[in-house]
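Results of the structural survey
Spelled out from the first residue to the last, the chains are:
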Amino acid sequence: IYYLKMTSLRSKSMEYFANRLVAEKANKNVNLFPYNKLIGAWNFEMKCFNEHGNIEDESNGEWIFSYILDGTGIQDIFIWPRSNGSMDYYEQGECGTTIRMPQYDKSGKWDIVYASKWAVDHLIGEEVNGQIIQTGINKDKTDTTIWQWNFIDIQQNSFVWESIWSKDNGVNWHIATRVQASRKK
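Residues numbered from 1 in each chain as written. Predicted model: local features only at pLDDT ≥ 70, side-chain atom pairs only at ≥ 80, totals over all residues. Heavy atoms only, no water.

**Some thoughts on the pairing of strand 10 (residues 158-166)**
Spelled out, the test is: For every residue, the accessible area (1.4 Å probe, protein chains only) is compared with the maximum for its type, and the residue is labelled buried under 20%, exposed over 50%, or partly exposed between those bounds. Secondary structure counts use DSSP, requiring at least four H or I residues in a row for a helix and at least two E residues in a row for a strand, with both numbered from the N terminus. Strands qualify as paired when DSSP identifies two bridges or more between them.
Burial analysis of strand 10 places 7 of its 9 residues in the buried class, which makes it a mostly covered element. Pairing of strand 9 (residues 146-152) with strand 10, which is carried by 7 bridges, proceeds in the antiparallel orientation. By the bridge assignment, tryptophan 149 is partnered in strand 10 with serine 163. Hairpin geometry of strand 9 and strand 10 is characterised by an intervening segment of 5 residues between the two adjacent antiparallel strands and by a positive phi of about 50° at aspartate 153. As paired elements, strand 10 and strand 11 (residues 174-183) share 8 bridges and run antiparallel to each other. From the neighbouring strand, tryptophan 165 faces strand 11, where its bridge partner is histidine 174.

The structure is reproduced here in structure tokens:
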């Protein structure tokens with residue numbers, strides 16, 4: 001009986017937490033463009049490339065975006081490969097979350113933090129010509145690599161996301177990952 005009571009208390013506590021984190025809609029006082037176009041659940045096909053541009057892995061996953069914190073930001077959950085309900089995908093795959101908050105200086109830029117078991121990454125995001133460009137901030141100040149995680153070709157029911165990098169100050173870009181996503185029906 002003690003176990004059942006504790007499980008019930010934990011369940012209620014987690015439900016309370018989730019209800020306070022997730023928001024039903026955007027806050028009318030905060031501009032969440034352009035990330036608001038991504039709200040919802042998506043299936044995706046992902047290709048990973050080696051440094052020579054050859055495909056080294058292909059698989060499917062899911063990506064879920066939601067308003068958070070009274071509708072003042074956007075959070076996602078990235079699950080790859082797609083979960084079959086077990087925790088096995090944690091061994092080789094990726095299960096991470098990104099929090100995106102608009103900068104309040106009205107610059108149109110966003111502060112972004114991605115966290116998973118593999119890493120914690122910081123980026124700055126902004127809309128440029130209909131694309132969402134997210135530029136990484138290197139942890140090692142001596143690393144001159146530029147890296148971006150960009151949402152391109154954003155449509156109502158699909159988008160493409162690419163992870164790209166450059167070692168020559170953006171003259172030549174190399175693709176690391178490409179995701180083709182379609183909205184779940």
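What follows continues from the structure just given.
**Some points on the environment of tryptophan 147**
Note the following rule: Here, two residues are considered to be in contact whenever any of their heavy atoms come within 4.5 Å of each other. Definition of a polar contact: a pair of N or O atoms within 3.5 Å, with one able to donate and the other able to accept a hydrogen when the atoms are protein atoms, and with sequence-neighbouring residues admitted only if both atoms are side-chain atoms.
Mapped onto the fold, tryptophan 147 is located in strand 9. The exposure class assigned to tryptophan 147 is buried, which follows from its relative accessible area of 14%. Taking the C-alpha atoms as reference points, tryptophan 147 and glutamine 134, 13 residues apart in sequence, are found 8.4 Å from one another. What tryptophan 147 contacts, discounting residues up to four positions off in sequence, is Asp121, His122, Leu123, Gln134, Thr135, Gly136, Ile137, Asn138, Ile164 and Trp165. In terms of polar contacts, tryptophan 147 uses its side chain to reach the side chain of asparagine 138, at 2.7 Å.

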